[in-house]
Amino acid sequence: QVQLVESGGGLVQAGGSLRLSCAVSGRTFSNYAMGWFRQAPGKEREFVAAINWSGQSTAYADSVKGRFTISRDNAKNTVYLQMNNLKPEDTAVYYCNGVVDLRRKTPVHSWGQGTQVTVSS
């Protein structure tokens, strides 16, 4: 049973930055790709970013390219999402999950509780 614990969300003004963290336990973290997803009120959950097992390959949604950076520390079983130049439309609950691969981006585990990011204009 994999456990995913997201943290680092908060309230920030447009143009600001936040760094999200996701601690993973229950499986060998370094064996699989990881991703970040988000769900805004009234909308479907959507893909944000993914990183392969080694950290050498990444993928991003067009809406966050150039502003968000995904990274991982396999020694700490943690994946990060650095979010810069935040916009009000980035407001959502952010979730991490394992993904099948960077092409399909299909989540593979049960979801954690997520972390709320609110960007004010």
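First, a word on what this report is: a plain description of the structure on this page. Throughout, residues of each chain are indexed from 1 in the direction in which the sequence is written. Where local features are concerned, this predicted model is filtered to residues with pLDDT of at least 70; where side-chain atom pairs are given and counted, the filter is 80 or more; whole-chain, interface and lining totals use all residues. Side-chain numbers come from the whole structure's heavy atoms, not from hydrogens or water.

**Looking at the pairing of strand β5 (residues 46-51)**
Item 1. Throughout this description, buried means an accessible area under 20% of the type-specific maximum (1.4 Å probe, protein chains only), exposed means over 50%, and partly exposed covers the range between. Here a helix means four or more residues in a row that DSSP labels H or I, a strand means two or more in a row labelled E, and each is numbered from the N terminus. Among the six residues in β5, five count as buried, and that is most of the element.
Item 2. At least two bridges found by DSSP between two strands are what make those strands a pair. In this sheet, β5 lies alongside strand β4 (residues 33-39) in antiparallel orientation, the contact comprising five bridges. Note on β5: the bridge partner recorded for Phe 37 is Phe 47.
Item 3. Linking β4 back to β5 in an antiparallel pair, the connection comprises six residues, with Gly 42 at a positive phi of about 75 degrees.
Item 4. By the bridge criterion, three bridges tie β5 to strand β6 (residues 58-60) in an arrangement that is antiparallel. Within β6, the position partnered with Ile 51 by the bridge is Thr 58.
Item 5. Counting the residues that bridge the hairpin from β5 to β6 gives six residues, and of these Gly 55 lies at a positive phi of roughly 90 degrees.

**Brief notes about the pattern of salt bridges**
When the charged atoms of two side chains with opposite charge come close together, those side chains can pair.
Item 1. Salt bridges are identified by distance alone: a Lys or Arg side-chain nitrogen within 4 Å of an Asp or Glu carboxyl oxygen. For the structure shown, the criterion picks out five salt bridges.
Item 2. One salt bridge in this structure joins Glu 46 and Arg 38, with 2.7 Å as the shortest N-O distance.
Item 3. You can call Glu 46 partly exposed: its relative accessible area is 36%.
Item 4. On the basis of relative accessibility, which here comes to 5%, the residue Arg 38 falls in the buried class.

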